[in-house]
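These are the residues of each chain, in order.
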Amino acid sequence: MGTYAISGSASGMGAATRQRLEAAGHRVVGIDLRDAEVIADLGTAEGRAGAVAAVIDAAGGVLDGAVSAAGLGPPVAGDLIARVNFFGSRALLEGLRPALAASGAAQAVQFGSNSSTTTPNLPDDLIAAYLEGREEDAVAIIGSAEPVFAPAIAYGGSKLAITRWCRRAAVTEPWVGEGIRLNVIAPGPVDTPLLRAGQVHEVYGPLMEAFPVPVTETPGADTLAAWVEFLLSPAARFACGSVIYVDGGTDALMRSDDWPRTFTM
């Protein structure tokens, strides 16, 4: 049995993933603002560093896997979304990488979102600020957006950027070369507190209601947790830098011809 770190372990898909791993006999070191082994705020540099140190200590320096599930979304303020979803996720994965490498065959999963490909007009300068680690610049760009849409821009941008970061990192020597497989799962609407908070919002609720999802039933958190459990299993060892859309067909509906796409050398 293995030892796994899960951020966002107290609710939603993080909690559902925790339940599945523990039911299979694994040990979980949870990270959250409450009800977790490691209480930390991934929205701050101090919280991120403290979380990494506490998890590594609790795991004895060796992790068999990690799940970065902590995240915020509209209508939460855009600056908080940026700080947690991208900068918190990246810092956690980078900080835990040595402990993952110590296992020799670890697997890590980052929660992305189909909003990374279905949110229109995400600013290029925002994505660049995320990927270049310019946290305050990213927050400033979000702050300059129309206030009612700033959280959506922050969210879609954060998920696009963390997905790109994971794909870039996954195939490098410090990750795949150290036996770590890093992949991204990209859900659509999932019945979680995050979704429900958006559904009752006066602006985001109607937009979410109109969002096209070919598969009409909304899955529960455990459905996505089952996918994560698979991506942490030996059967997924050949997946590396993959982005798995589990979104009821929205990305396929809206971006049918955008991927796969050939390239010119």
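Scroll up for the structure.
Residues numbered from 1 in each chain as written. Predicted model: local features only at pLDDT ≥ 70, side-chain atom pairs only at ≥ 80, totals over all residues. Heavy atoms only, no water.

Student: Help me get a handle on the overall build of the chain, residues and values and all.
Tutor: What the chain contains, in helices and strands, is eleven helices and seven strands. For 265 residues, the compact-globule formula gives about 18 Å, and the C-alpha radius of gyration of the chain, at 17 Å, lands near that figure. Over its C-alpha atoms, taken along the principal directions, the chain stretches across nearly 45 × 40 × 40 Å. In the chain, which comprises 265 residues, the proportion classed as buried is 49%. When contacts within the chain are restricted to residue pairs at least 6 apart in sequence, those whose partners lie at least 24 apart make up 76%. Separation of charge centres in the chain, based on 18 positive and 29 negative side chains, amounts to 5 Å. (Helix = DSSP H or I, 4+ residues; strand = E, 2+ residues; numbered from the N terminus. Rg over C-alpha atoms; globule rule 2.2 N^0.38 Å. Buried < 20%, exposed > 50% of the residue type's maximum accessible area, 1.4 Å probe, protein only. Contact = heavy atoms within 4.5 Å. Lys, Arg positive; Asp, Glu negative; His and termini not counted. Charge placed at Lys NZ, Arg CZ, Asp CG, Glu CD.)

Student: Pulling in residues and values, what's your account of the sheet that holds strand β1 (residues 3–7)?
Tutor: Pairing between sheet strands relies on hydrogen bonds along the backbone, with the strands arranged either parallel or antiparallel. Pairing within the open sheet is parallel, and its seven strands lie in the order β3-β2-β1-β4-β5-β6-β7. If you trace the sheet from one side to the other, it starts and ends with β3 (38–39) and β7 (243–246), each paired once. Where strand β4 (residues 65–68) and strand β5 (residues 107–111) come together, four bridges link them in parallel fashion. Bridge pairing in β5 places Val67 opposite Val109. On top of the sheet, helix α1 (residues 12–23) reaches β1, β2 (27–32), β4, β5 and β6 (181–187); it is set at about 165° to β1, its chief contact. (Pairing = 2+ DSSP bridges. Axes fitted to C-alpha atoms, helices over the stretch in contact; angles between N-to-C directions.)

Student: Let's hear about the nonpolar core: which residues, and what values?
Tutor: By size, the foremost hydrophobic cluster in this structure holds 48 residues, and its most contacted members are Tyr130, Trp165 and Leu182. Going through the elements one at a time, β2, α2 (45–58), α3 (78–103), α5 (124–131), α6 (135–143), α7 (150–170) and β6 are the ones with two or more residues in this core. Counting 20 residues, the second largest nonpolar core, distinct from the first, contains Ala69, Ala225, Val228 and Val246. (Core = buried A, V, L, I, M, F, W, Y, C linked by side-chain atoms within 4.5 Å.)

These figures come from the coordinates and say nothing about function on their own.
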